[in-house]
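Take a look at the letters that make up each chain.
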Amino acid sequence: MYSEKVMEHFANPRNVGEIPDANAVGQVGNAKCGDIMKMYMKIEDNVIKDVKFKTFGCGAAIATSSMATEMVKGKTVDEALKLTNKAVMEALDGLPKEKIHCSVLAEEAIQSAINDYRRRSGEDVPEDKEYTCEH
Amino acid sequence: MDNNATTSLKKEVLDAMLPYYTDIYGNASSKFYKVGRDAEQALYKMRESVAKSINAPNVNEIYFTGSGCEADNWAVKGAAMANRKKGNHIITTKIEHHAILNTCEYLERHGFEVTYLDVDEYGFVTPEQVEAAIKDTTVLITIMTANNEIGTIEPIKEIAEVAKKHKVIFHTDAVQAIGHMKIDVKELGVDMLSLSAHKFHGPKGVGMLYIRNGVRIDNLIHGGGQERGKRAATENLAGIAGLAKALEIAVADLDKNVAHCRKMRDRLIKGIRDNIPYCRLNGPEDEGRMCNNANFSFQYVEGESILMMLDMNGIAASSGSACASGSLDPSHVLMAIGLPHEIAHGSLRLSVGEDTTEEDVDYVVSVLPSIIQRLRDMSPLYEGVE
């Protein structure tokens, strides 16, 4: 049901962990629905120098977290904000239909971390939405 | 480690089936030539064997079906429709297999009223609950013998007494129970009982419904006059031969298999409890639990990830998490025993069988703790728990 790329990222996830001096932390999802993604970033001069994640969830949730972190590492904040769930899915050679929401969560986790960074920088960014299990 | 899902086909069972694909290929309804008559006679012997295996008083109370699911559908829809004049109320539990639950929901859409009884934290329903739910309009009670996810064995005999007292038809889905406990329809006092061959080392695609003589039931499959006009379709003779043979063996070896499965299950449960913190056994402890079933919830992790990592290590298992089931909600059984969603998402069912060895169990116990730890280290919910 999963592509080889998904399996590979699940078996060997990139960028797992925390960044102690992160200046951007975002969390999306909800334990009740069975998936939570937490992203840590170290952003310097608007560039994502380092990114790590922690995920509670299924194989696709772990694989999309891994792929999304790879795709934004070294990118500018503006570039990272342009990352779509579709791009994450394509990079993983697709996802089963019922797992598409995992890629949406990955996109939102990146945005949530960047929003946190912007808030810390004094920008007026709205709060993250509440998560319900309807994807 | 997924014997509750299906089992391997036994060599003796396959051998019992093969002649009906090669030599005795006749249609049991074609009585005017030898190969047809041979098939008819063979079918009678198989029916006789199955009746004996479950201690049905009469051979003509055995009806072969295409699956356990069909047997369940037939029992529920057939009894509901045939007794519609008497009433429209059905009693079942919240932890039945979907073959029952979805059938009941279907009937609700067609004017029936269904009571879904709660179960306690171990999955038990009581005869008192059943009795309290009976109304003048109740036409059917359907409660499973043993639960497929958490292994709870329900008090079927006592519930059958309640049903009899109130003259309500009682059906039990014994699909998971056969081969793991004694099933004697006379002693249990049930009116109908479903089983499925592939759960006890028989072939897939064949099941059986026991219908006590005198129970009013409509057809599910309409057509020819097979199964005494109750279930049309040319009999799957080879499949039925496999079912009959597998059941004979399951009954003959019952005590030996139960003792073996219980030993393996207990070794597994102890090994997991001793080596993995923050886990809970779902379902009853030893008493009242099916001999081959272990179901755990591991806090802070999700079931599908556990299954994928087990698969990478060559271990087949199953989970009640939403992801594993492809829906938004975790297993209805785990919800019914009161688990919070996040605990239910981290569930793992391991079911042993007669082929399971101590080495198999020890291998699982050696691999599982590091899988759970690895996933916990990845989980934001586990932060600060250590």
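Draft legend 1. Broad picture of the sheet that holds strand E3 (residues 47-56) of chain A. All names here are of chain A. Pairing is antiparallel across the open sheet formed by 3 strands, whose spatial order is E1-E2-E3. Only two strands of the sheet have a single neighbouring strand rather than two, namely strand E1 (24-30) and E3. Averaged over neighbouring strand pairs, the angle between their axes works out to 15° when direction is ignored. Contacts from helix H2 (residues 59-72) reach strand E2 (35-44) and E3 within the one sheet, and its direction differs from that of E3 by about 175°.

Draft legend 2. How the structure looks around the nonpolar core. The biggest cluster of nonpolar side chains holds 71 residues, and the ones touching the most others in it are Met41 and Ile110 of chain A together with Leu268, Phe298, Ile306, Leu348 and Leu368 of chain B. Tallying contributions element by element places helix H15 (residues 358-378) of chain B first for this core, with 9 residues. In this structure, Met41 of chain A is in contact with Ile19, Ala22, Asn23, Ala24, Ile48, Asp50, Val51, Val72, Ile110, Ala113 and Ile114 of chain A, ignoring residues within four places of it in sequence. Core analysis: the second largest hydrophobic core is formed by 67 residues, Ala51, Ile156, Leu243 and Val333 of chain B among them.

Draft legend 3. A look at the pairing of E1 of chain A. Residue and element names in this part refer to chain A. Both E1 and E2 contribute to a ladder of 7 bridges, which runs antiparallel. What sits directly across from Val28, in E2, is Met37. Taking the residues between adjacent antiparallel strands as the criterion, E1 and E2 are bridged by 4 residues, where Gly34 takes a positive phi near 95°.

Draft legend 4. Seen up close, the packing of aromatic side chains. All names here are of chain B. Inspection of the entire model under this criterion finds 4 aromatic pairs over all chains. Ring geometry for Tyr63 and Trp74: centres 5.6 Å apart, planes at 85°, overall edge-to-face. Within this pair, whereas Tyr63 is found in strand E1 (residues 62-65), its partner Trp74 is found in helix H4 (residues 68-82), the two being separated by 11 residues in sequence. Of the two residues, Tyr63 and Trp74, both sit in the buried class. With 5.9 Å between their ring centres and 20° between their planes, Phe296 and Phe298 make a pair best called stacked. Taking relative accessible area as the criterion, Phe296 reaches 1% and is therefore assigned buried. Relative accessible area serves as the criterion here: at 0%, Phe298 is assigned to the buried category.

Draft legend 5. Representation of a nonpolar patch on the surface in the model. On the surface, Leu9, Leu14, Leu18 and Tyr21 of chain B cluster together into a nonpolar patch covering about 360 Å² of accessible area. Along the chain, Leu9 of chain B turns up in the segment before helix H1 (11-17).

Draft legend 6. Region of interest: the sheet that holds strand E7 (residues 207-211) of chain B. All names here are of chain B. What the 7 strands build is an open sheet, ordered E1-E7-E6-E5-E4-E2-E3; its pairing is mixed. Two strands in the sheet have a free side with no partner beyond their single neighbour: E1 and strand E3 (113-117). Here the strands of the sheet are splayed against their neighbours by 20° on average, with no regard to which way each runs. Sheet analysis places strand E4 (residues 138-142) next to strand E5 (residues 169-173), joined by 3 bridges and oriented parallel. Bridged to Leu140 within E5 is Ile169. Contacting strand E2 (89-93), E3, E4 and E5, helix H5 (residues 98-108) crosses the sheet at an angle of about 145° to E3.

Draft legend 7. Here's a closer look at unusual backbone geometry. Phi is positive for Asp93 of chain A, close to 60°, though the residue is something other than glycine. By the secondary structure assignment, Asp93 of chain A is in the loop between helix H4 (85-91) and helix H5 (100-120). A relative accessible area of 52% places Asp93 of chain A in the exposed class. Its identity is not glycine, yet Glu227 of chain B carries a phi of approximately 50°, on the positive side. By the element assignment, Glu227 of chain B lies in the loop between E7 and helix H9 (237-252).

Draft legend 8. Just the domain arrangement of chain B, in detail. All names here are of chain B. As assigned here, chain B comprises domain 1 (11-252) and domain 2 (254-381). For domain 1 versus domain 2, the distance between C-alpha centres works out to 29 Å. Taken together, the contact between domain 1 and domain 2 spans 29 residues of the former and 23 residues of the latter. With both sides pooled, the region where domain 1 packs onto domain 2 buries about 2,000 Å², and carbon together with sulfur makes up 59% of that total. Inspection of the region where domain 1 meets domain 2 yields 0 salt bridges. Applying the counting criterion to the domain 1 and domain 2 interface returns 12 residue pairs in polar contact (both at pLDDT 80 or more). Broken down by secondary-structure element, the contributors of at least two residues to the side of domain 1 that touches domain 2 are H5 and H9. The leading source of residues in the side of domain 1 that touches domain 2 is H9, at 3 residues. Its residues assigned to classes, the side of domain 1 that touches domain 2 comprises 13 nonpolar, 10 polar and 6 charged.

Draft legend 9. Quick look at the interface of chain B and chain A. Contact residues are listed per partner, giving 22 residues for chain B and 30 residues for chain A. When the two sides are added together, the surface that chain B and chain A hide from each other amounts to roughly 2,100 Å², 67% of it contributed by carbon and sulfur. Seen at the junction of chain B and chain A, the total is 3 salt bridges. Measuring nitrogen to oxygen at the nearest pair gives 3.1 Å for the salt bridge that ties Lys38 of chain A to Glu383 of chain B. Where chain B meets chain A, there are 11 residue pairs in polar contact (both at pLDDT 80 or more). Elements supplying a minimum of two residues to the side of chain B that touches chain A: helix H11 (303-312), helix H14 (341-344) and H15 of chain B. Looking at which element gives the most residues to the side of chain B that touches chain A, the answer is H11 of chain B, with 5 residues. Split into classes, the residues belonging to the side of chain B that touches chain A amount to 11 nonpolar, 5 polar and 6 charged.

The rules behind each value
Per chain, the residues get numbers from 1 upward, laid out in the order the sequence is written. Think of it this way: whatever chain is written first is A, whatever ligand is written first is 1, and the rest follow in order. In keeping with the predicted nature of the model, local features appear solely for residues at pLDDT of at least 70, side-chain atom pairs appear and are counted solely at 80 or more, and the whole-chain, interface and lining totals rest on all residues. The side-chain quantities take in all heavy atoms of the structure and omit both hydrogens and water. Should DSSP find at least two bridges between two strands, the strands are taken to pair. Each helix is a run of DSSP H or I of at least 4 residues and each strand a run of E of at least 2, with the numbering of both proceeding from the N terminus. In this analysis, axes come from line fits to C-alpha atoms, helices being fitted only over the stretch in contact, and the angle between any two N-to-C directions falls in the range 0 to 180 degrees. Contacts are assigned to residue pairs that have any heavy atoms within 4.5 Å of one another. What makes a nonpolar core is a set of buried Ala, Val, Leu, Ile, Met, Phe, Trp, Tyr and Cys residues whose side-chain atoms join them at distances within 4.5 Å. For each residue, the accessible area found with a 1.4 Å probe, counting protein chains only, is set against the maximum for its type, and the residue is called buried under 20%, exposed over 50%, and partly exposed in between. Stacked, tilted and edge-to-face pairs are distinguished by plane angle, under 30 degrees for stacked and over 60 for edge-to-face with tilted covering the rest, among Phe, Tyr and Trp rings (Trp via its six-membered ring) whose centres lie within 6.5 Å. Here the term patch refers to residues with relative accessible area over 30% and no salt bridge, with like charges joined within 9 Å and nonpolar side chains (Val, Leu, Ile, Met, Phe, Trp, Tyr) within 5 Å. Here the open area of atoms and residues is found with the Shrake-Rupley method and a 1.4 Å probe, where only the protein chains shown may cover a residue. Throughout this description, the term salt bridge denotes a Lys or Arg side-chain nitrogen within 4 Å of a carboxyl oxygen of Asp or Glu. Start and end points for every domain follow an automatic or database-based domain assignment. Summed over both partners, the accessible area (1.4 Å probe) lost when two parts come together is defined as the buried area. Polar contacts, as used here, are pairs of N or O atoms within 3.5 Å; protein pairs need one atom able to donate a hydrogen and one able to accept it. Residues neighboring in sequence count only if both atoms are side-chain atoms. Think of it as three bins: nonpolar holds Ala, Val, Leu, Ile, Met, Phe, Trp, Tyr, Cys and Pro, charged holds Asp, Glu, Lys and Arg, and polar takes everything else, Gly as well.

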